[in-house]
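The primary structure of each chain is shown beneath.
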Amino acid sequence: MKNPLAYSPARVAPRRAIELRAEIDVFHAEYCAALDAADIERWPGFFCEDATYRVTSRENALLGMPVGLMYCEGLDMIRDRAMAIAHSQMFAPRQMVHVLGITRVVDEDESTIAAQTPFMLVQTLVEGPSTLHLAGIYYDKFLRRADGLVLFHRDVVHDTEVLATALVYPV
């Protein structure tokens, strides 16, 4: 069985990858700024109508298991998740900060861009130190729209099997 997370060479010319990376960086800057500002109701606006969003462990991804800590199929599920978090906060107040690595543009066709971006998510509880909450890689497929990129598919693959606290917020 082929490892779905194994390295495969990018199929985008270097100059084109630089151009696409700049667009993806603008997307990520807005996406992370909205989440880091706890503006969860803005989160669905980063996805297209038939998008999928999944947060799963590296082990599940390697085994091809669809299960994840979070799974949303379609924009309605993403909106529902955002509204549930925004209007029923049953978790300790916290500040989240995304730290992203260099995006690797893997492929492009006439309507989509495939990319991988490493991330770290730092969490600070109101009365505690800042800690590394989660680390992993975004496996993304973007759609190009007239007003910019939107996510068609985001797999958030985290490295650890053991999470220090519950994951309630999108990554």
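Since this is a predicted model, take the numbers as computed values, not measurements.

Undergrad: Quick one: what's the story with the overall build of the protein chain, residue by residue and with numbers?
TA: Helix and strand counts for the protein chain come out as 3 helices and 7 strands. Along its sequence from the N terminus, the protein chain presents helices and strands in the succession α-β-α-β-α-β-β-β-β-β. The C-alpha radius of gyration of the protein chain comes to 16 Å, within 12% of the 16 Å expected for a compact globule of 171 residues. The C-alpha extent of the protein chain, read off along each of the three principal axes, is 50 × 40 × 30 Å.

Undergrad: Quick rundown of the side chain of His158? Include the residues and the values.
TA: Positionally, His158 belongs in strand S7 (residues 148-158). At 3.4 Å, the side chain of His158 forms a polar contact with the backbone nitrogen of Ser57. Apart from residues no more than four positions distant in its own chain, His158 is found in contact with Val55, Thr56, Ser57, Arg58, Leu69, Leu134, Ala135, Gly136 and Leu163.

Undergrad: Kindly report on the packing of aromatic side chains, identifying the contributing residues and their values.
TA: Applying the stated criterion across every chain yields a total of 9 aromatic pairs. Taking 5.6 Å as the distance between ring centres and 85° as the angle between the ring planes, the aromatic pair formed by Phe27 and Phe46 counts as edge-to-face. Placement of the pair is Phe27 in helix H1 (residues 14-36) and Phe46 in the loop between H1 and strand S1 (47-57), with a sequence separation of 19 residues. The class for Phe46 is buried, based on a relative accessible area of 12%. Taken together, a centroid distance of 5.8 Å and an interplanar angle of 85° make the contact between Phe47 and Tyr53 edge-to-face.

Undergrad: A description of helix H3 (residues 75-87) should follow, citing residues and the corresponding values.
TA: The first and last C-alpha atoms of H3 sit 18 Å apart over 13 residues, in line with the 18 Å expected at 1.5 Å per residue. Within H3, burial applies to Leu75, Ile78, Ala82, Ile85 and Ala86. Take H3 and look down its axis: the buried residues cluster within an arc of 100°, on one side only. Turned more than 90 degrees away from the buried face of H3, the exposed residues are Asp76, Asp80 and His87. Against the buried residues of H3 lie S1 and strand S2 (70-73).

Undergrad: Please give an account of the environment of Glu108 that cites residues and values.
TA: Within the fold, Glu108 resides in strand S4 (residues 104-108). When the C-alpha atoms of Glu108 and Lys141 are compared, they prove to be 9.3 Å apart, with 33 residues separating the residues in sequence. For Glu108, the residues in contact, after removing those within four places along its chain, are Val12, Arg16, Leu20, Ile113 and Arg144. A polar side-chain atom of Glu108 sits 2.6 Å from a polar atom in the side chain of Arg16.

Undergrad: Give me unusual backbone geometry: which residues, what numbers.
TA: Unlike most non-glycine residues, Ala38 shows phi in positive territory, near 60°. Mapped onto the elements, Ala38 comes out in the loop between H1 and S1. According to the relative accessible area criterion, Ala38 is exposed, its value standing at 52%.

Undergrad: Hey, could you go over a nonpolar patch on the surface for me, with residue numbers and the actual values?
TA: A surface patch of nonpolar side chains, about 310 Å² in accessible area, is lined by Val97, Val99, Met120 and Leu132. Turning to its location among the elements, Val97 is positioned in strand S3 (residues 94-100).

Undergrad: Run through the pattern of salt bridges, naming residues and quoting values.
TA: This structure, assessed with the given rule, holds 10 salt bridges. The residue Arg42 makes a salt bridge to Asp39 at a minimum N-O spacing of 2.9 Å. Taking the relative accessible area as the measure of exposure, Arg42 reaches 51% and is therefore exposed. Here Asp39 falls in the partly exposed class, since its relative accessible area comes to 28%. With a closest N to O distance of 2.8 Å, Arg54 and Asp155 form a salt bridge. One end of the pair, Arg54, is in strand S1; the other, Asp155, is in strand S7, and 101 residues separate them in sequence. Taken together, the shared-partner salt bridges connect Arg16, Glu19, Glu23, Glu108 and Arg144 into one network.

Analysis parameters
- Residues numbered from 1 in each chain as written.
- Predicted model: local features only at pLDDT ≥ 70, side-chain atom pairs only at ≥ 80, totals over all residues.
- Heavy atoms only, no water.
- Helix = DSSP H or I, 4+ residues; strand = E, 2+ residues; numbered from the N terminus.
- Rg over C-alpha atoms; globule rule 2.2 N^0.38 Å.
- Polar contact = N/O pair within 3.5 Å; in protein donor to acceptor, adjacent residues only side chain to side chain.
- Contact = heavy atoms within 4.5 Å.
- Phe/Tyr/Trp six-rings, centres within 6.5 Å; stacked < 30°, edge-to-face > 60°.
- Buried < 20%, exposed > 50% of the residue type's maximum accessible area, 1.4 Å probe, protein only.
- Expected span 1.5 Å × (residues − 1).
- Arc of directions from axis to C-beta.
- Patch = residues over 30% accessible without salt bridge, like charges linked within 9 Å, V, L, I, M, F, W, Y side chains within 5 Å.
- Areas by Shrake-Rupley, 256 points an atom, 1.4 Å probe, with all protein chains shown as cover.
- Salt bridge = Lys/Arg side-chain N within 4 Å of Asp/Glu carboxyl O.

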